[in-house]
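# Structural description and commentary
Given next are the chains, with one letter for each unit.
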Amino acid sequence: MSRWTWYRLGGRARYLFRPRDAEQLALLTVRARHENLPVKVLGCGANVLVSDDGFDGVVVRLDGPAFRRVEHQEGRVCAGAGVDLMPFSRDCSERGLSGLEFMAGIPASIGGAIRMNAGGPQGEFGDVVCEVKVLTPDGAIEDWPKQRLGFGYRKSEIGDAIVLSATLELVEADPQRVTKVYEDFFEQKRSSQPMGQQSAGCVFKNPPGQSAGALIDRAGLKGTRCGEAYVSPQHANFIVADPGATASDVLGLIDKVRDRVRDVFDVELDVEIDIWRPQRKASLV
Ligand code: EPU
């Protein structure tokens, strides 16, 4: 999976499937269920850490044309799950469609941004979502309104359903002003985060009312290493993987950071990234 994730880490998946369209995806998920194989959807791989032992199931990548369509309809935009969020948000800003400027510098696919309710203090992706088309675990295609999606801080209630596309509501505004706001957000992130290095963005969720980055920093952990992985000296909530790093290095460092922050501040940090482990099936005795 190292080929498919921003971390460039992780072992092999049993299957990697790139469906042509929603119907083919539906057939696959129903079959996988019969075979008792877990299914995971990979967006652009920006928030995922795959273990060195890989993933013993089906990885789905929605990167075909059917999943990358964008349709503009009077203030609303419908975007496929496989659309790359950064160029998409930039394009919306340049068209004078306001609402996604704060997504500047957040690498994600539309599907991933919905599942994780990606965002920052200035806004969350769920804020602009009206409706999402999903494939349910039993193979039905349904439209779920925003209220059904249960958006919260870096979470949604998509559960075992797979996002196919989303309809977003954006506000018409002056294109130059919206683009300037987008660029300011991008610049702000570029100057405070290790953007060009191998990472999966922020590793931990912010505990209520606190900043995980600030806690890790104040615990003196910037620069701390585990093998070839280290806590970014630029932003302490990023774990960067140097060439030669393994997923175990990153996982070891996650534990180290958690232990230290618990010891110093009595705060339990929860991971924000999605960690994929092999999930070997227990043998039936
Ligand atoms: N801070 C430190 N030391 C650090 C890092 C941060 O003291 O090493 C302090 C900052 O000075 C600031 C506070 O902590 O006072 C918060 O930092 P920042 O503004 O960087 O925001 P964050 O809460 O750490 C969140 C998102 C980021 C998103 C930024 C946008 C989470 C977990 N993280 O970071 O999202 O880019 O806001 O401003 O919600 C991601 O999801 O992967 C991600 C990077």
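Residues numbered from 1 in each chain as written. Predicted model: local features only at pLDDT ≥ 70, side-chain atom pairs only at ≥ 80, totals over all residues. Heavy atoms only, no water.

What follows deals with the packing of helix H2 (residues 85-94) against helix H4 (residues 175-192). In a pair of packed helices, the angle between the axes and the distance between the axes together describe the arrangement. Contact geometry for H2 and H4: axes closest at 7 Å, N-to-C directions at 145°. Residues Met86, Ser89, Arg90, Ser93 and Glu94 of H2 pack against Pro175, Val178, Thr179, Tyr182, Glu183 and Phe186 of H4. Here the residues of the contact of H2 with H4 sort into five nonpolar, three polar and three charged. (Axes fitted to C-alpha atoms, helices over the stretch in contact; angles between N-to-C directions. Helix = DSSP H or I, 4+ residues; strand = E, 2+ residues; numbered from the N terminus. Contact = heavy atoms within 4.5 Å. Nonpolar A, V, L, I, M, F, W, Y, C, P; charged D, E, K, R; others polar.)

Here the focus is the pattern of salt bridges. Inspection of the entire model under this criterion finds 19 salt bridges. Arg18 is paired through a salt bridge with Asp63; the nearest N and O atoms lie 2.7 Å apart. Of this pair, Arg18 sits in the loop between strand E1 (13-17) and helix H1 (22-34) while Asp63 sits in the loop between strand E4 (55-61) and strand E5 (70-73), placing them 45 residues apart in sequence. For Asp217, the salt bridge goes to Lys222, with nearest N and O atoms at 3.3 Å. On the accessibility criterion, Asp217 (34% relative accessible area) is partly exposed. Under the relative-accessibility criterion, Lys222 is labelled partly exposed at 32%. What you see here is one network of salt bridges that share partners, running through Arg18, Arg61 and Asp63. (Salt bridge = Lys/Arg side-chain N within 4 Å of Asp/Glu carboxyl O. Buried < 20%, exposed > 50% of the residue type's maximum accessible area, 1.4 Å probe, protein only.)

Checked against the element boundaries, Pro137 lands in the loop between strand E10 (129-135) and strand E11 (141-145). Residue Pro137 is classed as partly exposed on the basis of its relative accessible area of 32%. In this view, Pro137 contacts Arg33, Asp160 and Ala161; residues no more than four positions away in its chain are not counted.

Let us look at the site of the ligand. In the vicinity of the ligand there are 21 residues, among which Cys202, Asn206, Asp217, His235 and Ala236 approach most closely. At a separation of 3.1 Å, an oxygen atom of the ligand approaches a polar side-chain atom of Arg154. The separation between an oxygen atom of the ligand and a polar main-chain atom of Ala236 is 2.7 Å. Elements represented by at least two residues in the shell around the ligand include exactly strand E8 (119-120) and helix H5 (212-218). Among the elements that make up the shell around the ligand, the one with the highest residue count is H5 (three residues). Among the residues forming the shell around the ligand, the class breakdown is seven nonpolar, nine polar and five charged. Counting the residues that make up the shell around the ligand, at least three belong to each of domain 2 (65-191) and domain 3 (196-272). (Near = heavy atom within 4 Å. Polar contact = N/O pair within 3.5 Å; in protein donor to acceptor, adjacent residues only side chain to side chain. Domains from an automatic or database assignment.)

Moving on: the nonpolar core. Counting 46 residues, the largest nonpolar core has Phe88, Leu100, Ile110, Ile114 and Phe125 as its most contacted members. Two domains each donate at least three residues to this core, and these are domain 1 (2-60) and domain 2 (65-191). In this view, Ile114 contacts Phe125, Val129, Val132, Phe151, Ser156, Ile158, Val163 and Ala166; residues no more than four positions away in its chain are not counted. The next biggest cluster of nonpolar side chains, apart from the first, holds 28 residues, and it includes Ile239, Ala247, Val257 and Ile273. (Core = buried A, V, L, I, M, F, W, Y, C linked by side-chain atoms within 4.5 Å.)

Remember that the coordinates give geometry; whether it matters functionally is a separate question.
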